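Letter by letter, the chains look like this.
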Amino acid sequence: MYNSKIIGLGKYLPDHVVTNDDLSKMMDTTDEWIQERTGIIERRWIVEGSEDTSATMGAKAAKIAIERSGLTKDDIDFIVFATLSPDYYFPGCGVQIQDILDMPTVGALDVRNQCSGFIYAVAVADQFIKTGMYRNVLVVGSEYHSGGLDKTTRGRGVTVIFGDGAGAAVLSRTEDNTKGILSSHLHSEGKYAEELTVIGPSIKHWVPEIIEANDAEDTSYYPYMNGTFVFKHAVVRFSEAIIEGLEANNLKKEDIAMLIPHQANLRISQFIQRKFGLRDDQVFNNIQKYGNTTAASVVIALTEAWEEGKIHDGDTVVLAAFGSGFTWGSVIMRW
Ligand code: ACO
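A few words now on the site of the ligand. Taken together, 26 residues form the shell around the ligand, and within it Thr29, Arg37, Cys115, Asn265 and Ser324 come nearest. In the model, an oxygen atom of the ligand is placed 2.6 Å from a nitrogen or oxygen of the Arg37 side chain. Here a nitrogen atom of the ligand and a backbone polar atom of Gly227 are 3.0 Å apart. Considering the ligand on its own, with 1,000 Å² of exposed area, one finds that the protein chains cover 72% of that surface. For the shell around the ligand, the secondary-structure elements that each account for two or more residues are helix H2 (31–38), helix H6 (156–159), helix H8 (227–248) and strand S12 (316–323). Classifying every residue of the shell around the ligand gives 13 nonpolar, ten polar and three charged. Both domains that furnish three or more residues to the shell around the ligand are identified here as domain 1 (3–177) and domain 2 (181–334).

A word on the pairing of strand S5 (residues 107–111). Pairing analysis gives five bridges linking strand S4 (residues 78–82) to S5, with the strands arranged parallel. If you follow Ile79 over to S5, its bridge partner there is Ala108.

We now examine the environment of Asn3. Structurally, Asn3 can be placed in strand S1 (residues 3–12). Asn3 gets classed as buried once you look at its relative accessible area, which sits at 3%. Considering only alpha carbons, one finds Asn3 and His187, 184 residues apart in sequence, at a separation of 22 Å. Leave out the neighbours within four places in its chain, and Asn3 touches Asp126, Ile129, Lys130, Ser172, Arg173, Thr174, Asp176, Asn177, Lys179, Gly180 and Ile181. At a separation of 3.3 Å, a polar atom in the side chain of Asn3 contacts the side chain of Lys130.

Residues of helix H4 (residues 93–100) that are buried include every one of Cys93, Gly94, Gln96, Ile97 and Gln98, and no others. Trailing H4 by a residue or two, Asp102 shows a phi angle of about 50 degrees, which is positive.

This part covers the sheet that holds strand S6 (residues 136–143). In sheet architecture, strand pairing relies on hydrogen bonds along the backbone and comes in two forms, parallel and antiparallel. Strand order across the open sheet formed by five strands is S1-S7-S6-S4-S5, with mixed pairing between neighbours. Edge strands, defined here as strands with exactly one partner in the open sheet, are S1 and S5. Each neighbouring strand pair of the sheet contributes to a mean axis angle of 20 degrees, computed without reference to strand direction. Across the face of the sheet, helix H3 (residues 54–69) comes into contact with S1, S4, S6 and strand S7 (165–174) while running at roughly 125 degrees to S1. Taken strand by strand, helix H11 (residues 297–307) contacts S1, S6 and S7, and its axis lies near 90 degrees from that of S1.

For the rest of this paragraph, the subject is the packing of aromatic side chains. Evaluated as defined, the whole model comprises ten aromatic pairs. Between Tyr89 and Trp206, the aromatic rings sit 5.5 Å apart at their centres with planes inclined by 65 degrees, giving edge-to-face as the arrangement. Of this pair, Tyr89 sits in the loop between S4 and H4 while Trp206 sits in the loop between strand S9 (196–197) and helix H7 (207–213), and the two are 117 residues apart along the sequence. Given the relative accessible area of 36%, Trp206 is considered partly exposed. Each member of the aromatic cluster is reached from another via a ring pair, and the members are Tyr192, Phe229, Phe322, Phe326 and Trp328. One residue, Lys151, lies across the ring of Trp45, its end atom 5.0 Å from the ring centre. Across from the ring centre of Tyr2, 3.9 Å away, lies the NZ or CZ of Arg173, which sits over that ring.

This part is about the domain arrangement of the chain. Assigned domains of the chain: these are domain 1 (3–177) and domain 2 (181–334). Between the C-alpha centres of domain 1 and domain 2 the distance comes to 13 Å. Taken together, the contact pairs 56 residues of domain 1 with 52 residues of domain 2. Between domain 1 and domain 2, a total of about 4,000 Å² is buried, with carbon and sulfur atoms accounting for 64% of that surface. Ranking the residues of domain 1 by area buried against domain 2 places Lys11, Cys115 and Ile119 at the top, with a combined share of 16%.

This next bit is on the nonpolar core. Counting 35 residues, the largest nonpolar core has Leu171, Ile260, Leu302, Val317, Leu319 and Met333 as its most contacted members. Considering each element in turn, this core owes the most residues, seven residues, to helix H5 (residues 117–130). When we break this core down by domain, the ones giving at least three residues each are domain 1 (3–177) and domain 2 (181–334). Residue contacts for Leu302: discarding those within four places in its chain leaves Ile6, Leu9, Ile260, Ile311, Val317, Leu319, Met333 and Trp335. Grouped together as the second largest cluster of nonpolar side chains are 24 residues, Phe238, Leu278, Trp328 and Ile332 included.

Reading guide: rules and limits
- Along each chain, the written sequence defines residue order, and numbers are assigned to residues from 1.
- Reporting of local features is limited, given that this is a predicted model, to residues whose pLDDT is at least 70; pairs of side-chain atoms are given and counted only at 80 or more, and all residues count toward the totals for whole chains, interfaces and linings.
- Just so you know, side-chain values use all the structure's heavy atoms and leave hydrogens and water out.
- Throughout, the term near means that a residue has one or more heavy atoms lying within 4 Å of the molecule or strand in question.
- In protein, a polar contact requires one atom able to donate a hydrogen and another able to accept it; more generally it is a pair of N or O atoms within 3.5 Å, and residues adjacent in sequence count only if both atoms are side-chain atoms.
- All accessible-area figures derive from a Shrake-Rupley calculation using a 1.4 Å probe, and residue coverage is judged against the displayed protein chains alone.
- Under the scheme used here, helices are H or I runs from DSSP no shorter than 4 residues and strands are E runs no shorter than 2 residues, and both carry numbers assigned from the N terminus.
- Under the convention adopted here, Pro, Cys and the residues Ala, Val, Leu, Ile, Met, Phe, Trp and Tyr are nonpolar, Asp, Glu, Lys and Arg are charged, and Gly plus all remaining residues are polar.
- The domain boundaries here were taken from an automatic or database domain assignment.
- A pair of strands counts as paired when DSSP detects no fewer than two bridges linking them.
- Classification of residues uses two cut-offs on accessible area relative to the type maximum, computed with a 1.4 Å probe and protein chains only: under 20% is buried, over 50% is exposed, and between them is partly exposed.
- Should any heavy atoms of two residues lie within 4.5 Å, those residues are considered in contact.
- Helix axes use the C-alpha atoms of the stretch in contact, all axes being lines fitted to C-alpha atoms, and the angles between their N-to-C directions lie in the range 0 to 180 degrees.
- Any two of the Phe, Tyr and Trp rings considered here, Trp counted by its six-membered ring, make a pair once their centres fall within 6.5 Å; the pair's planes then place it as stacked at under 30 degrees, edge-to-face at over 60, or tilted in between.
- To sit over a ring, a charge needs its Lys NZ or Arg CZ within 6 Å of the ring centre and within 35 degrees of the ring normal.
- Here the buried area means the combined drop in accessible surface, using a 1.4 Å probe, for two parts upon being joined, counting both sides.
- Take the buried Ala, Val, Leu, Ile, Met, Phe, Trp, Tyr and Cys residues and link them wherever side-chain atoms come within 4.5 Å; each set so joined is a nonpolar core.

Here's what the structure looks like:
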């Protein structure tokens, strides 16, 4: 049986840095509140007029990941693109990657699993490789949040958290079953869909309806999050997904060399770190610099951890995420 492993990683962040103090000029918030509740110090936001979008940022990250893999764009057999902020309502961003990178007419699939998007996307790519259908799969996570946030005091509970950015990984076939993706575990609980959502525009709440209502109080097209409720579920589900992955591989928490949690809130990462008894150097966080980049966050963090030499040959690396849906999951890898 084939296995899959990551052979190339890349990231792209827009240059424009938005500090907490910058936000406090737009809305009633403070650097102290944001840092204390979330750990975030600054994030990147695309500037108006920039050519960056979820698709173009994803393509920039993908180009780097492909170069570092030693492959060329022509060697990629399939694209999986995870985002909640696609350039178009449809089609998805995956097809744009095929075009921007001038790739052969390979298949392209978009994954709509928000903060768990990269975990789901890796799981999909892994299965295609394990069955022997594809040899090399490009997985991209990218988000352009800043264009769709409510940058007034009304939106402060959500807006201060999110940042823009992209990451990408190339997964490739290996016949060495001791290395690579050992397992993925995915979950959902749709009854909580509206606890963290953008309601409209959607088929249920369509553009003409929004325009006709002309209601300045309508916030349905901004992200809504029941923050405390989401937080409470996140800490439980993160832990469950990690334990499930470890148990499936007969591993113990002591075997974790590096945990890369979705960067939703530094307090969630710290809670998980304490729960699993991990040292600071065993948990990688960069939310302080980038905020929550949703489907891009795990792959940007994985890329940085690798770039900084924090992941070594033979390490057990755990990826875990929780987010809107609710969806959650984990991937266990041997590097
Ligand atoms: N600045 C100042 N005050 C604020 C801000 C702000 N930016 N935002 C909210 N407040 C106020 C609120 O109005 C409230 O005031 P009140 O007590 O007078 O009513 C008070 O601060 C507390 O608000 P809470 O929402 O209870 O704050 P909480 O401590 O829960 O922190 C946060 C909010 C950071 C969002 C937290 O709940 C959280 O991180 N939740 C989980 C996020 C998560 O994991 N998301 C999943 C991934 S995202 C995805 O899938 C798209």
